[in-house]
Amino acid sequence: MPNLFVLRLFNLNRNVRSFVKPAANWNRYNHIRLYSNESNHKHLVPSFGFVDIKNKNKETYLEMINIFLHKDKDRRGQVEFIYAALKHMKDFGVEKDLEVYKKLIDVFPKGKMVPRNLFQAEFMHYPKHQQCAIDLLEQMEELGVMPDWSMEDQLVSVFGKRAHPLRRYWRMMYWMPRFKNASPWLLPEDLPNDTIELAKLAVSRMTSVDPTTVISVYQTTDIADSLEDTWIVSGQSKTQQLLTGWLPQEATLYVDGGFRLWLKDRAITYFTLTTEPFRKFEEQDYDDVSNLMSQLTPKQPDRTVHEEDNAVVLGVACSGTSTPDSVLSWIRALSNACPRLQQLQILFRVSHSVRDQATPPPPAIRAPPKQITSAS
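Residues numbered from 1 in each chain as written. Predicted model: local features only at pLDDT ≥ 70, side-chain atom pairs only at ≥ 80, totals over all residues. Heavy atoms only, no water.

(A) Representation of the overall build of the chain. For the chain, the count of helices and strands is 12 helices and six strands. For the chain, with 376 residues in total, the buried portion stands at 40%. Sequence-distant contacts, at least 24 apart, represent 69% of the contacts inside the chain between residues at least 6 apart. With the model as given, the accessible surface of the chain reaches about 22,800 Å², and the carbon-plus-sulfur share is 54%. (Helix = DSSP H or I, 4+ residues; strand = E, 2+ residues; numbered from the N terminus. Buried < 20%, exposed > 50% of the residue type's maximum accessible area, 1.4 Å probe, protein only. Contact = heavy atoms within 4.5 Å. Areas by Shrake-Rupley, 256 points an atom, 1.4 Å probe, with all protein chains shown as cover.)

Pasting the structure below:
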């Protein structure tokens, strides 16, 4: 009798393993086969007609989803369709559209995959479909698309209140609003396509430490001895012009760049005009009241926000080509407002290793250091 019981238990365990293991293996293999860029089975990925569409926009994308919803009431192949739709989102320009993601969640049937008990909820009831929804939410998070509260109702109606996609949604709704408002330099929801406007945003963001900074736009055709036709966006304040006038005659200015600044998913190259610190400041403990200074005694000059420990920043600029000639034209434009620049030695340390997304890459020419004199 005990041997018969053990035999039945062994057969039951074998049947359960044979029922669960193929589903898990198929889900893992299917995920690799469809979505890994290194997969050798790319020809097996169904496109569902997304590749054959000529006019790729939001309207045609939503129409493709509606066609799939009304083609088969059982919605067979729904997971493969959602993955194919996520893959071709950038081709249609809807990768950051919340309405499109909510429309893709509607592809899942309502009520069918809701777990009936605690065991189904913890062991990921319908694992392939739940993983598909989690991948959809992860793509939203990577692209900075924050869900709304109606998406929670959609996930509850599809997978129930104890499903793993809903837990993923709750974590997103906790962290994404915190990080969204963490930066004090807010950017518009849609960045401008014009590179000049993007450069203005970059320069104003870097120079926001001084509210008196003036953003100027120059055309190199209006600057003498310029060799190319491009634009220059410069940021400099009156305080920086005064600091330039206070520099000693033996001071050397440095033009460094190009550095890369990211504005969301767009990058811009910028250059800086700096010099070595020429004034010494004693560190003061403002909490120490043992030696209070009188208003009649001379006090130490105030340290400006542009005077750092290792350098003094005198200007920031972006150009359309990021070449040494455009940077030289920027210095010549600054010398018109501050003639003191024509009397100082300026050393160019411009690098061409940066490849920019917002501006075309600079040519592979390294110019020697140049010196600005009054004769120029």
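(B) Structural view of the sheet that holds strand β5 (residues 312-319). Reading across from one edge, β1-β2-β5-β4-β3-β6 is the order of the six strands in this open sheet, with mixed pairing throughout. This sheet does not close on itself; its edge strands, each paired only once, are β1 (214-219) and β6 (345-350). The average undirected angle you get between the axes of adjacent strands in this sheet is 25 degrees. With six bridges joining them, strand β3 (residues 252-263) and β6 adopt parallel strand pairing. Within β6, the position partnered with Asp256 by the bridge is Arg349. Helix-sheet contacts for helix α10 (residues 195-206) involve β1, β2 (231-236), β3, β4 (266-275) and β5, and the interaxial angle to β2 is about 15 degrees. Where helix α11 (residues 238-245) meets the sheet, its contacts fall on β2 and β5, and the angle it forms with β5 comes to roughly 120 degrees. (Pairing = 2+ DSSP bridges. Axes fitted to C-alpha atoms, helices over the stretch in contact; angles between N-to-C directions.)

(C) Focus on the packing of aromatic side chains. For the structure on display, the rule yields nine aromatic pairs. Aromatic side chains Phe50 and Phe81 sit 5.7 Å apart centroid to centroid with 40 degrees between the ring planes, which places their arrangement in the tilted category. Taken together, the residues Phe50 in the loop between α1 (2-35) and α2 (58-71) and Phe81 in helix α3 (residues 78-87) connect sequence positions 31 residues apart. Ring geometry for Phe68 and Phe81: centres 4.1 Å apart, planes at 0 degrees, overall stacked. Separated by 13 residues along the polypeptide, Phe68 in helix α2 and Phe81 in helix α3 bring together distant segments of the chain. Accessibility classification places Phe68 together with Phe81 in one group, the buried group. (Phe/Tyr/Trp six-rings, centres within 6.5 Å; stacked < 30°, edge-to-face > 60°.)

(D) Geometry of the confidence of the model for the chain. Confidence along the chain averages 80 in pLDDT terms, with 77% of residues attaining 70 or more. In the predicted structure, residues 5-10 sits below a pLDDT of 50 and forms zero contacts with residues beyond four places in sequence or in another chain. Segment residues 353-357 is flagged for pLDDT under 50; beyond a separation of four residues in sequence, or across chains, it makes 15 contacts in the model. (pLDDT = per-residue confidence, 0-100.)

(E) Summary view of the packing of helix α5 (residues 98-105) against helix α8 (residues 149-159). The interhelical angle for the contact between α5 and α8, taken along N-to-C directions, is 15 degrees, at an axis separation of 10 Å. Accordingly, the angle class assigned to the pair α5 and α8 is roughly parallel. Regarding α5 and α8, the two cross each other, and that crossing is left-handed. Side by side, α5 and α8 meet where Leu98, Tyr101, Lys102 and Ile105 of the first sit next to Ser150, Met151, Gln154, Leu155 and Val158 of the second. (Parallel < 35°, antiparallel > 145°, perpendicular 65-115°, else oblique. Left-handed = near helix turned anticlockwise from the far one by under 90°.)

(F) Summary view of the environment of Asn310. Within the fold, Asn310 resides in the loop between β4 and β5. Residue classification places Asn310 among the exposed residues on the basis of a relative accessible area of 60%. Measuring from C-alpha to C-alpha, the distance between Asn310 and Thr274 comes to 9.9 Å, with 36 residues separating the pair along the chain.

(G) Here's a closer look at the pattern of salt bridges. Applying the stated criterion across every chain, the model contains 11 salt bridges. Of the charged contacts, one joins Asp265 and Lys96 as a salt bridge, the two residues approaching to 3.3 Å between their closest N and O atoms. Of this pair, Asp265 sits in the loop between β3 and β4 while Lys96 sits in the loop between α4 (89-92) and α5, placing them 169 residues apart in sequence. Judged by relative accessible area, Lys96 falls into the partly exposed class, the value being 44%. (Salt bridge = Lys/Arg side-chain N within 4 Å of Asp/Glu carboxyl O.)

(H) Region of interest: the nonpolar core. Counting residues in hydrophobic clusters, the biggest one holds 40 residues, and the most contacted among them are Tyr61 and Leu136. At the level of elements, α2, α3, α4, α5, α7 (127-142), α8 and α9 (164-180) are the ones that each hand at least two residues to this core. Setting aside its immediate chain neighbours within four residues, Leu136 contacts Ile82, Leu86, Tyr101, Leu104 and Ile105. Among the nonpolar cores identified, the runner-up in size contains 21 residues, and Phe271, Val312, Val327 and Leu341 belong to it. (Core = buried A, V, L, I, M, F, W, Y, C linked by side-chain atoms within 4.5 Å.)

(I) The arrangement of the environment of Ala199 in detail. Relative to the helices and strands, Ala199 resides in helix α10. Sequence separation between Ala199 and Gly320 is 121 residues; the distance between their C-alpha atoms is 8.9 Å. If sequence neighbours within four positions are ignored, Ala199 has contacts with Trp231, Val233, Ile268 and Cys318.

(J) Representation of the environment of Lys102 within the structure. Of note, Lys102 is situated in helix α5. Each C-alpha atom of the pair Lys102 and Asp148 lies 9.6 Å from the other, and the pair is 46 residues apart in sequence. Excluding residues that lie within four positions of it along the chain, Lys102 makes contacts with Asp148, Ser150, Met151 and Gln154.

(K) Inspection of α3 at higher detail. For α3, the buried fraction is high: nine of the 10 residues fall into the buried class. Where α3 is concerned, the buried positions are Gln78, Val79, Glu80, Phe81, Ile82, Tyr83, Ala84, Ala85 and Leu86.

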